[in-house]
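This is what each chain is made of:
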Amino acid sequence: MRKAEIGRYGSAALWILAVAAAYYGSARLGLLQQLVRGQVTPLWPPTGVALAGLLVLGLRIWPGIALGAFLVNASIGPSPLAVLAIVAGNTLAPVCAYLLLRRAEFRDELDRLRDVLALIFLGALAGMVISSTVGSGVLVLAGALQASNFWPTWSVWWTGDAMGVLVVTPFLLVLRRARWPRNAGLSRWIEAVALALGTLFATILATSTTSSALLFLVFPFLIWAAFRFQLAGAAPCALGVSTLAILAAAREAGPFAGQDLFASMVTLQAFNGTTALMALLLAAVITERNKTHEELARVCTRLAEMVAFIEPRSDSNDG
């Protein structure tokens, strides 16, 4: 075997192990956000990690997703066979989501509205049906879940996986491409810090007050992030807002106080879903608008240069 091939296989193995470690680590963080121990996790970060890994590294890293899922489920699954089935569902979901996105000519820059819509409908809503259906079905067949609880469990599983894609995947894609402009002045730094602190303060205030109407306080900051920093500002803000809201729900604080589990989940997921969708869609629209303006400016400059080149020649011919 050639040294180049050995190096290629070695690199692939390292990436697989890195994805497995990231999957497992993000799962442990996700389990800290349980609303009911071992049962309800409103945001499952590993799905976002898995899909981002596939979009960046390709299908070759799917064994890392399977390994990470196995390490997570081995200690909490009802039986070895059920664990293997759940691992298969957790692996197939992001893989199928990846294949659907590639078929739709998805670009991971998320600089077009169609790419954000594809991530929402193909990556999150359609792709995560697989993991929730397989997982809930396996629990019923293994006797760990009553058949009457299939749909409630399925809905919680599905929304948690979908939120992982909507919130975590864009953040990781932005983090991969993050480059602070070298010519950014002090005012830009001040604005970025003010945006981060304002979003943090508004979210803490909104999730500490019993009135759910105050949850809308965070939206002006998300709009600010999307307009001024596009996806690089919108994705981190959406992730931070969602995380703080989940922590408040886990403590039964603020607008989540005094609610039963179902009502709390509906309020939380409606808020997190609206936050993520608004941030991503608005950032994509603003990015497309800016690119259109830049292209129009380039076309106008070229036309002006052509006119300036033609006019002197016309004057010389007249002479």
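Reading the values: the criteria
Counting of residues starts from 1 at the beginning of each chain's written sequence and follows it residue by residue. Since the coordinates come from a predicted model, pLDDT governs what is reported: local features require at least 70, and pairs of side-chain atoms require 80 or more to be given and counted, while whole-chain, interface and lining totals use all residues. To obtain the side-chain values, all non-hydrogen atoms of the structure were included, while hydrogens and water were left out. Each helix is a run of DSSP H or I of at least 4 residues and each strand a run of E of at least 2, with the numbering of both proceeding from the N terminus. Residues adjacent in sequence count toward polar contacts only when both atoms are side-chain atoms; beyond that, a polar contact is any pair of N or O atoms within 3.5 Å, and within protein one must be able to donate a hydrogen and the other to accept it. Any Lys or Arg side-chain nitrogen found within 4 Å of a carboxyl oxygen on Asp or Glu counts as a salt bridge. For the exposure calls, accessible area comes from a 1.4 Å probe over protein chains only, and a residue counts as buried if that area is under 20% of its type's maximum, exposed if over 50%, partly exposed in between. Any residue with an atom within 4 Å of a point lines the site, the site being either a cavity, points on a 1 Å grid over the protein atoms alone where a 1.4 Å probe fits but cannot get out, or a pocket, an open set with protein on both sides within 12 Å along at least 5 of 7 lines. Grid points are joined across faces, edges and corners, and a volume is the space filled by probe spheres set on the points. Side-chain classes follow a simple rule in which Ala, Val, Leu, Ile, Met, Phe, Trp, Tyr, Cys and Pro form the nonpolar group, Asp, Glu, Lys and Arg form the charged group, and the remainder, Gly included, forms the polar group. Any two residues whose heavy atoms approach within 4.5 Å at even a single point are treated as in contact. Helix axes are fitted only over the stretch in contact, all axes being lines through C-alpha atoms; the angle between N-to-C directions runs from 0 to 180 degrees. Orientation is classified from the angle alone, with under 35 degrees giving roughly parallel, over 145 giving roughly antiparallel, 65 to 115 giving roughly perpendicular, and any other angle giving oblique. What makes a crossing left-handed is the near helix being turned counterclockwise from the far one by less than a right angle; a clockwise turn instead makes it right-handed. Each patch is built from residues that are more than 30% exposed by relative accessible area and take part in no salt bridge. Like charges join if they lie within 9 Å; nonpolar side chains (Val, Leu, Ile, Met, Phe, Trp, Tyr) join within 5 Å. Accessible surface area values rest on a Shrake-Rupley calculation with a 1.4 Å probe, where residue burial reflects the displayed protein chains alone.

A.B. asks: What should I look at first to understand the side chain of Glu191 in this one?
C.D. replies: Here Glu191 shows up in helix H8 (residues 186-206). A distance of 3.0 Å separates a polar atom in the side chain of Glu191 from a polar atom in the side chain of Trp224.

A.B. asks: Any chance you could explain the pattern of salt bridges here in plain terms?
C.D. replies: Where charged atoms from two side chains of opposite charge come close, those side chains can pair. Evaluated as defined, the whole model comprises nine salt bridges. Put simply, Asp115 and Arg112 hold a salt bridge, and the shortest N to O gap is 2.8 Å. On the basis of relative accessibility, which here comes to 17%, the residue Arg112 falls in the buried class. For Glu191, the salt bridge identified is with Arg188, shortest N-O distance 3.8 Å. Of this pair, Glu191 and Arg188 both sit in helix H8, three residues apart, which is roughly one turn of the helix. Residue classification places Glu191 among the buried residues on the basis of a relative accessible area of 15%. Taking the relative accessible area as the measure of exposure, Arg188 reaches 24% and is therefore partly exposed. One continuous salt-bridge network, built from bridges that share partners, spans Asp108, Glu109, Arg176 and Arg177.

A.B. asks: Explain unusual backbone geometry to me, please; I cannot follow it from the model alone.
C.D. replies: With glycine set apart, most residues show a phi of negative sign, and most peptide bonds adopt trans. Even without being glycine, Glu105 reaches a positive phi, approximately 60°. Assignment of secondary structure puts Glu105 in the loop between helix H4 (80-103) and helix H5 (113-126). Judged by its relative accessible area of 57%, Glu105 falls in the exposed class. The phi dihedral of Gln230 is positive, around 50°, even though this residue is not glycine.

A.B. asks: Before we go on, may I ask you to explain the layout of surface pockets in this structure?
C.D. replies: It is the rolling of a water-molecule-sized probe over the atoms that shows where space remains empty. Estimated volume of the second largest pocket: approximately 870 Å³. Taken together, 31 residues make up the lining of the second largest pocket; nearest its centre are Val174, Phe229, Ala232, Gly233 and Pro236. Breaking the lining of the second largest pocket down by element, the ones donating at least two residues are helix H7 (150-177), H8 and helix H10 (231-250). Among the elements that make up the lining of the second largest pocket, the one with the highest residue count is H10 (eight residues). When the residues that make up the lining of the second largest pocket are grouped by side-chain class, the tally is 19 nonpolar, six polar and six charged.

A.B. asks: Mind showing me how you'd approach the environment of Val19 here?
C.D. replies: For Val19, the location among the structural elements is in helix H1 (residues 3-31). When its relative accessible area of 7% is taken as the criterion, Val19 is described as buried. For the pair formed by Val19 and Gly64, sequence separation is 45 residues and the distance between their alpha carbons is 5.2 Å. Once you skip the residues sitting within four places of it in the chain, Val19 turns out to touch Leu57, Ile61, Gly64 and Ile65.

A.B. asks: Looking at this model, I keep getting lost on the packing of helix H3 (residues 62-73) against H4. Mind explaining?
C.D. replies: A pair of packed helices is captured by two measures, namely the crossing angle of their axes and the spacing between those axes. Packing of H3 against H4 brings their axes to within 9 Å, and their N-to-C directions diverge by 140°. Compared by their axis directions, H3 and H4 come out oblique. Where H3 crosses over H4, the two elements pack in a sense that is right-handed. Contact with H3, carried on its side by Trp62, Ile65, Ala66, Ala69, Phe70 and Asn73, involves Val83, Leu84, Ile86, Val87, Asn90, Thr91, Pro94 and Val95 of H4 and no other residues of that element. In terms of residue class, the contact of H3 with H4 is made up of 11 nonpolar, three polar and no charged.

A.B. asks: Looking at this model, I keep getting lost on a nonpolar patch on the surface. Mind explaining?
C.D. replies: On the surface, Leu14, Leu17, Tyr24, Leu67, Phe70, Leu71, Leu81 and Leu84 cluster together to form a nonpolar patch covering roughly 790 Å² of accessible area. Within the residue set of the nonpolar patch, elements represented by two or more residues are H1, H3 and H4. Summarising the element assignment, Phe70 is placed in helix H3. In this structure Phe70 comes out as partly exposed when scored by relative accessible area, which is 38%.

All we've got here are geometric facts, nothing functional implied.
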